[in-house]
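# Notes for the structure review
One-letter residues, chain by chain:
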Protein chains: 2
Amino acid sequence: MIPGLMQPKALQIIDILKFAATAHGGVEIVSRLIEEPMIRLTYRDALNRAERAAKALQRLGVKSGDRVATLAWNTHRHFELFYAAPGLGAVLNTVNPRLFDEQIEYILNHAEAEVLLFDKSFLALVERLRPGMRTVKTFVMLSEKSTHEAGAISALCYEDLLAAEDDGFAWPSIDENAGAMLCYTSGTTGDPKGVLYSHRGIVLHAMASGLNSAFGFDAFDVVMPCSSLFHASAWGLPFAAPINGCKLVMPCDRMDGASLQELIVNEGVTFSGGVPTIWTMYLAHLKQTGETPGKLQRVVIGGSAVPRAMAETFKKDYGVRVLQIWGMTETAPLGVIATPTPALAALGEEKLDEAIWTRQGRLQFGIELKIVGDDGAEAPHDGETSGALMVRGPWTIQRYYRGEKDVADADGWFDTGDIATLDAFGYMRITDRKKDVIKSGGEWISSIDLENVAVACPGVRIAAVVGVPHPKWEERPILVLETHAGANVSENDVRAYLAPRIVKWWTPDAILFDTIPLTATGKINKKVLRQRYADQLMR
Amino acid sequence: MIPGLMQPKALQIIDILKFAATAHGGVEIVSRLIEEPMIRLTYRDALNRAERAAKALQRLGVKSGDRVATLAWNTHRHFELFYAAPGLGAVLNTVNPRLFDEQIEYILNHAEAEVLLFDKSFLALVERLRPGMRTVKTFVMLSEKSTHEAGAISALCYEDLLAAEDDGFAWPSIDENAGAMLCYTSGTTGDPKGVLYSHRGIVLHAMASGLNSAFGFDAFDVVMPCSSLFHASAWGLPFAAPINGCKLVMPCDRMDGASLQELIVNEGVTFSGGVPTIWTMYLAHLKQTGETPGKLQRVVIGGSAVPRAMAETFKKDYGVRVLQIWGMTETAPLGVIATPTPALAALGEEKLDEAIWTRQGRLQFGIELKIVGDDGAEAPHDGETSGALMVRGPWTIQRYYRGEKDVADADGWFDTGDIATLDAFGYMRITDRKKDVIKSGGEWISSIDLENVAVACPGVRIAAVVGVPHPKWEERPILVLETHAGANVSENDVRAYLAPRIVKWWTPDAILFDTIPLTATGKINKKVLRQRYADQLMR
């Protein structure tokens, strides 16, 4: 090879905000806040505030490479810290406040942050965990003077810190492979594991996710991230939106139907995304009030399977397109997203909807997928053959933070722990988590396929299928259901609903009504269910 | 800083075609050819052919780092060579066959290619230039057996070479900063200069140019590049289209109105782009036949200013949106493109159209622009203050091929040689080439602004303004006009048209009707005009 002669310009996160401030300087960021009125600023203001925040962090002793932790909601302050800390060469560790105390403590000690910035709603949490924090020396409340409270931890006031700095900042030049954001993922077993995103990975992800194959942003979009900024950077929306000049609406912690509707209508939100639970509440609000969702066009839903009824209601009653997304903290998080293609559209609207609503999404440039069978061979793209889902690319994990060995194999493939199929249209469908697969008499049953059918049964709110020990078949599926308030659903109703929709030997051996336990990230906690019903079929 | 822990996956051109073959494997490439019937293949086929082409090139002795030259039109064969050669680690040198013989000879000798692939229409050219080619040893005609002709240079037959290879190729892993494509730019003075694109630059450019701020591609688009593949890679369309799963239509050398219309209608072209001349012919064809442009939605026009009447006709008569683009070989080529923003749209449709049609375009993520005055200070974004246009970014040139020093300054800024303004909406407008600026009595006159007004005068086909020596004012503008065939335009008509549209002291001192000389890349050759009329105002 001979070296190319283009400029050796590094991909840096701060260049995203600089670009938005220059090209879309007057575009707004609207943010709710804890105990403060809603605030309205521009990308130009946001860059100015990020400059001040960077200087304030430096004054608190933050140096290049240091970790800076947050326990914070979706606000403009959290947004500007996404730029200020990485812009300094530091790493922003966005801690999930919904985790158990011991997990939060573990993360803070593992990441070794010395500065922790937090929203006022977490004051009690921070005070409670203070004794166990081994490295945090400085606490900053993301507040202004009028609402500030120093608490038992002598927290500093964020807006005072910013006000003490002057305009402008000479952002250092940073290696694009430097760590920028640190997000911990928590399974149901073991300690949380840190994924350390690089500047390069985040910028490439932000570019790719704005394409029409994914979020399809343009300058007329108004984007409201309802997935949490502490959860894989809210799908990278705080980076993809400014690149495309989109107005940003930050809902803080208020994800109830009425609060979202107020922002959607008043701010002209065109695009939002989050876990299904939020949209269940939102649709209930619309139904109750008879209101309509303003200019809302697209709702991207991830985290767990989209109930079909939800997608249909959005489309048929309100003209809003629901797109599934699949990804994980380890993929920054974009893996696939269910946008249409002409090949699929040619099959007719019904088949298109079916695919969009039942598959996790289609292949995206920048992240390779392959399905590998038990024999290690790559499975065909036939939509039938399932196997371990492996991913590869510049925004896919190589190794966990402070891990001792790579989690990507020698060819760069990372095993997601999901079981999936890929079809001829390039659409991927998750059939199970590897650990949730049910093996009945040597045959596999997909817990997710069963759940997807059951959750569409009228009256059902959440459906969970787990495999439990069985004297004859080794393992058999049981179905646990949580119903909508006021719904009257019997076991026979469910059996009648399932019968024509599944093969007979997949019929759950028990159908139970119970409260379904969720993990800290809002997913069904199957480990707890398996323990709770371990003896169900052995009695 | 601490190193991030994402995968160190290099950005490689071949991954674009691999992606298209996997995610959009059935999407078509339709191509006209010289003396052969139209061909229809898929991205899956194209990858297979690129694999064979890579093996064939290796068999001809091409090694990593070698240059491979082409003299070729917009065909599927040229397209697959865009992947085969860089995929090997070699560099594809796309030579512009419209240059003068001595320039083509200079380029081939300067690039030192040993293999030259050419379309049959260039056989005589290649035979004629053969004696002066110091490094080319192997000639390959991009033909199939039935139309092949070895000529005096014993050309090999491309399709025979491909047929001799078998399926599959183990693409080597390539440093993303390696050279991949070599395009020469030819001004009106001096030898052509080579711009050596890297894999990284091309992939980033392809990702950014698919965004809605630029081409806004989606999988439903059918893209027909009418700018030449040898001219800054046809704006990178051969890379941006496959990333977005777009069907590709290759018009070969047939840019006349009827030929384009056939493809536009039969293939469902939604997006095309090229220099204004092509679209003048196309609109004339539509007018003459009363036909309509099928599914065509967007026409991107670059190379020279878009005549307003053309943009209006496209919009009002056919509902097609015209977007200006500005860039240069040195920027791969995307600089700016004139897509709308809400801030501009808020001013009303008329003002929006005015901006879209008279400005070159708006700021894009990945390429920074600044305007610098004579004093070296950055000019405000006021839409008024003009100065030298400087650009910077990962797909901007650092140094010309075999150049002895960088052409980007220490901070990475490359002086484009254009004089421009930037406005508060983030739109850039070229007011002149630095060397074409007219300095009259110490004040600047924009030759481009004057041309833009004059070209809108009924009957005018091309308008050129140059400054020539003047006894009193040092330099004064003269206007040279080429009219449409059959149009009857007098000097007085033009004076009457200009009077209410320009400030009085900008009025050209002479208005002349003449044939306008063009450069090999289709631009007005002002150097020739300045020489031709050097004495015009001194007599």
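I will try to describe carefully the structure that is included in this document. The structure displayed is predicted, hence computed values, not measured ones. The residue numbering used here restarts from 1 in each chain and proceeds along that chain's sequence as written. Numbering of ligands from 1 and lettering of chains from A proceed in the order in which they are written. Only residues with pLDDT of 70 or above have their local features reported here, since the model is predicted, and side-chain atom pairs are shown and tallied only from 80 upward, although totals for entire chains, interfaces and linings are computed over all residues. In computing side-chain properties, one takes all heavy atoms of the structure into account and sets aside hydrogens as well as water.

### Thoughts on the overall build of chain A
Helical segments are the DSSP runs of H or I of at least four residues, strand segments are the runs of E of at least two, and each set is numbered from the N terminus. Each helix and strand counted, chain A has 17 helices and 25 strands in total. To get the radius of gyration, use the C-alpha atoms; to get the globule rule, take the number of residues to the power 0.38 and multiply by 2.2 Å. Taking 2.2 N^0.38 as the reference for a compact globule, 539 residues should give roughly 24 Å; the C-alpha atoms of chain A span a radius of gyration of 23 Å, in line with that estimate. On the principal axes, the C-alpha backbone points of chain A span a range of 70 × 65 × 50 Å. Burial here depends on accessible area, computed with a 1.4 Å probe over protein chains only, as a share of the maximum for the residue type. Under 20% is buried, over 50% is exposed, and the range in between is partly exposed. Relative to its 539 residues, chain A shows a buried fraction of 63%. The contact criterion used is simple: two residues touch if any of their non-hydrogen atoms lie within 4.5 Å. Across chain A, contacts joining residues at least 24 apart in sequence account for 66% of those joining residues at least 6 apart. Of the accessible surface of chain A, which amounts to about 19,800 Å², a share of 50% is contributed by carbon and sulfur atoms. Surface exposure here means Shrake-Rupley accessible area, sampled with a 1.4 Å probe, where a residue is shielded only by the protein chains that are shown.

### Some points on the nonpolar core
What makes a nonpolar core is a set of buried Ala, Val, Leu, Ile, Met, Phe, Trp, Tyr and Cys residues whose side-chain atoms join them at distances within 4.5 Å. The biggest cluster of nonpolar side chains holds 253 residues, and the ones touching the most others in it are Leu57, Tyr83 and Phe314 of chain A together with Leu57, Tyr83 and Phe314 of chain B. Here this core takes 8 residues from helix α2 (residues 43-59) of chain A, the largest share from any one element. For Leu57 of chain B, the contacting residues outside a window of four places in its chain are Val62, Val68, Leu81, Ala84, Ala85, Leu88, Val115 and Leu117 of chain B.

### Notes on unusual backbone geometry
Excluding glycine, a negative phi dihedral is what most residues carry, and trans is how most peptide bonds are arranged. Between Ala332 of chain A and the following residue, Pro333 of chain A, the backbone shows a cis peptide bond with an omega angle of 0°. You will see that Ser154 of chain A, though not glycine, has its phi angle at about 50°, which is positive.

### Some remarks on the sheet that holds strand β6 (residues 138-141) of chain A
Residues and elements named next belong to chain A. Each pair of strands is called paired provided DSSP finds at least two bridges between the two strands. The 7 strands are arranged β7-β6-β5-β3-β4-β8-β9 in an open sheet whose pairing can be described as mixed. At either margin of the open sheet sits one strand with a lone partner, and together these are β7 (156-157) and β9 (193-198). In this structure, strand β3 (residues 67-71) lies alongside strand β5 (residues 115-118), joined through 4 bridges in parallel fashion. Counted as the bridge partner of Thr70 is Leu117 from β5.

### Description of helix α12 (residues 308-318) of chain B
All names here are of chain B. If you check which residues of α12 are buried, you get Met310, Ala311 and Phe314. In a view along the axis of α12, the buried residues occupy a sector of 100°, so they form one face of it. The exposed residues of α12 that point more than 90 degrees off its buried face are Lys316 and Asp317. Check the buried side of α12 and you find it contacts α11 (276-289), β13 (298-301), β14 (321-327) and α14 (349-358). Downstream of α12 by one or two residues, Gly319 has phi in the positive range, about 65°. Relevant arc is that of directions from the helix axis to the C-beta atoms, nothing else.

### Structural notes on the packing of helix α1 (residues 14-23) of chain A against α2 of chain A
Residue and element names in this part refer to chain A. Only the stretch in contact is used when fitting a helix axis, every axis being a line fitted to C-alpha atoms; angles between N-to-C directions are given from 0 to 180 degrees. As a packed pair, α1 and α2 sit with axes 7 Å apart at the nearest point and diverge in direction by 140°. Classed by the angle they form, the pair α1 and α2 counts as oblique. Seen from above, α1 lies across α2 with left-handed handedness. Here Ile14, Leu17, Lys18, Ala20 and Ala21 of α1 lie close against α2, whose contacting residues are Tyr43, Arg44, Ala46, Leu47 and Ala50. When residue character is reported, Ala, Val, Leu, Ile, Met, Phe, Trp, Tyr, Cys and Pro are called nonpolar, Asp, Glu, Lys and Arg charged, and the others, Gly included, polar. Of the residues contributing to the contact of α1 with α2, the split by class is 8 nonpolar, no polar and 2 charged. Roughly parallel means an angle under 35 degrees; roughly antiparallel means over 145; roughly perpendicular covers 65 to 115; every other angle is labelled oblique. With the far helix as reference, a near helix turned anticlockwise by less than a right angle produces a left-handed crossing, and one turned clockwise produces a right-handed crossing.

### What about the pairing of strand β4 (residues 91-94) of chain B?
Residues and elements named next belong to chain B. Of the two faces of β4, the one holding Val91 and Asn93 and the one holding Leu92 and Thr94 are both buried throughout. Handedness rule for crossovers: strands pointing away from the viewer, path from the first strand over the helix to the second running clockwise, crossover right-handed. Handedness of the crossover joining strand β3 (residues 67-71) and β4 through helix α3 (residues 76-87): right-handed. Across 2 bridges, the pairing between β4 and strand β8 (residues 179-185) is parallel. Each residue of the ladder has a partner; that of Asn93, found in β8, is Leu182.

### Overview of the sheet that holds strand β24 (residues 474-483) of chain A
Remark on secondary structure: sheet strands pair via backbone hydrogen bonds, oriented parallel or antiparallel. Residue and element names in this part refer to chain A. Judged by pairing direction, the sheet is mixed, and its 3 strands sit side by side in the order β23-β24-β25 without closing on themselves. Each of the sheet's edge strands pairs with one partner strand only, and the pair in question is β23 (460-470) and β25 (510-513). When the angles between neighbouring strand axes are averaged without regard to direction, this sheet yields 25°. Here 4 bridges tie β24 to β25, and the two strands are oriented parallel to one another. Across the sheet, Val480 pairs through a bridge with Leu512, a residue of β25. Across the sheet, helix α15 (residues 447-454) touches β23 and β24, and the angle it forms with β23 is around 145°.

### Concerning the side chain of Glu482 of chain B
All names here are of chain B. Structurally, the position occupied by Glu482 is in strand β24 (residues 474-483). With a relative accessible area of 15%, Glu482 lands in the buried category. Nitrogen and oxygen atoms within 3.5 Å of one another constitute a polar contact, given that in protein one can donate a hydrogen and the other can accept it, and given that sequence-neighbouring residues count only through two side-chain atoms. A distance of 2.7 Å separates the side chain of Glu482 from the backbone nitrogen of Ile516, its partner in a polar contact.

### As for the packing of helix α10 (residues 257-267) of chain A against helix α11 (residues 276-289) of chain A
Residue and element names in this part refer to chain A. Look at α10 against α11: their axes get within 8 Å of each other, and the N-to-C directions meet at 80°. Judged on the interaxial angle alone, α11 and α10 are roughly perpendicular. Residues Gly257, Ala258, Leu260, Gln261 and Ile264 of α10 form the contact with α11, whose own contacting residues are Ile278, Met281, Tyr282, His285 and Leu286. Class assignment for the residues of the contact of α10 with α11 results in 7 nonpolar, 3 polar and no charged.

### With respect to the relation of the copies chain B and chain A
Least squares is the method for superposing the copies, and the C-alpha atoms it fits come from residues with pLDDT of at least 70 in both. The two copies are related by a screw operation: chain B maps onto chain A through 180° of rotation and 0.0 Å of translation along the axis, at an RMSD of 0.1 Å. The transformation just described matches what one would write down for a two-fold rotation axis. Relative to the rotation axis, the C-alpha of Leu211 of chain B is the closest in chain B, positioned 2.6 Å from it. When you check the interface residues of chain B against chain A, 100% turn up at the interface there too, and the contact is symmetric in its surfaces.

### Some thoughts on the interface of chain B and chain A
At the interface, 72 residues of chain B touch 73 residues of chain A. Buried area is understood as the total, over both parts, of accessible area removed when two parts are fitted together, assessed with a 1.4 Å probe. The largest contributions to the chain B side of the interface with chain A come from Met6, Gln7 and Phe365 of chain B, which together make up 16% of the buried area. Salt-bridge detection follows one rule: a side-chain nitrogen of Lys or Arg within 4 Å of a carboxyl oxygen of Asp or Glu. Where chain B touches chain A, the interface holds 2 salt bridges. Where Glu176 of chain A meets Arg200 of chain B, a salt bridge forms, and the shortest distance between an N and an O atom there is 2.7 Å. Scanning the region where chain B abuts chain A turns up 28 residue pairs in polar contact (both at pLDDT 80 or more).

### Let's talk about the pairing of strand β23 (residues 460-470) of chain B
Residue and element names in this part refer to chain B. Of all the 11 residues making up β23, 9 are buried; the element is thus mostly covered by neighbouring parts of the structure. As judged from the 10 bridges shared by β23 and β24, these two strands associate in the antiparallel manner. The partner of Gly467 across the bridge, within β24, is Pro477. What sits between β23 and β24 in their antiparallel hairpin is a turn of 3 residues.

### A word on the pattern of salt bridges
Residues and elements named next belong to chain B. Tallied over the full model, the rule gives 82 salt bridges over all chains. Glu28 serves as the salt-bridge partner of Arg40, at 3.2 Å between the closest nitrogen and oxygen. With Arg40 in strand β2 (residues 36-42) and Glu28 in strand β1 (residues 28-33), the pair connects residues that are 12 residues apart, well separated along the chain. The class of Glu28 is partly exposed, set by a relative accessible area of 24%. Between Lys120 and Glu35 there is a salt bridge whose closest N-O contact spans 2.8 Å.

### Looking at the packing of aromatic side chains
Ring geometry is summarised as follows: Phe, Tyr and Trp rings, the Trp one being its six-membered ring, pair when their centres sit within 6.5 Å, and such pairs are stacked at plane angles under 30 degrees, edge-to-face over 60 and tilted between the two. Applying the stated criterion across every chain, the model contains 30 aromatic pairs over all chains. Summarising the aromatic geometry, the rings of Tyr282 of chain B and Phe314 of chain B are spaced 6.5 Å apart at their centres and angled 20° between planes, so their arrangement reads as stacked. Here Tyr282 of chain B is found in helix α11, whereas its partner Phe314 of chain B is found in helix α12, with 32 residues between them in sequence. Relative accessible area serves as the criterion here: at 0%, Phe314 of chain B is assigned to the buried category. Ring pairs connect the aromatic residues Tyr43, Phe79, Phe82, Tyr83 and Phe239 of chain A, which therefore count as one cluster. In this structure, Arg501 of chain B is placed above the aromatic ring of Tyr497 of chain B, and the distance from its NZ or CZ to the ring centre is 3.7 Å. Placement of a charge over a ring requires the Lys NZ or Arg CZ to be within 6 Å of the ring centre, with the centre-to-atom vector within 35 degrees of the ring normal.

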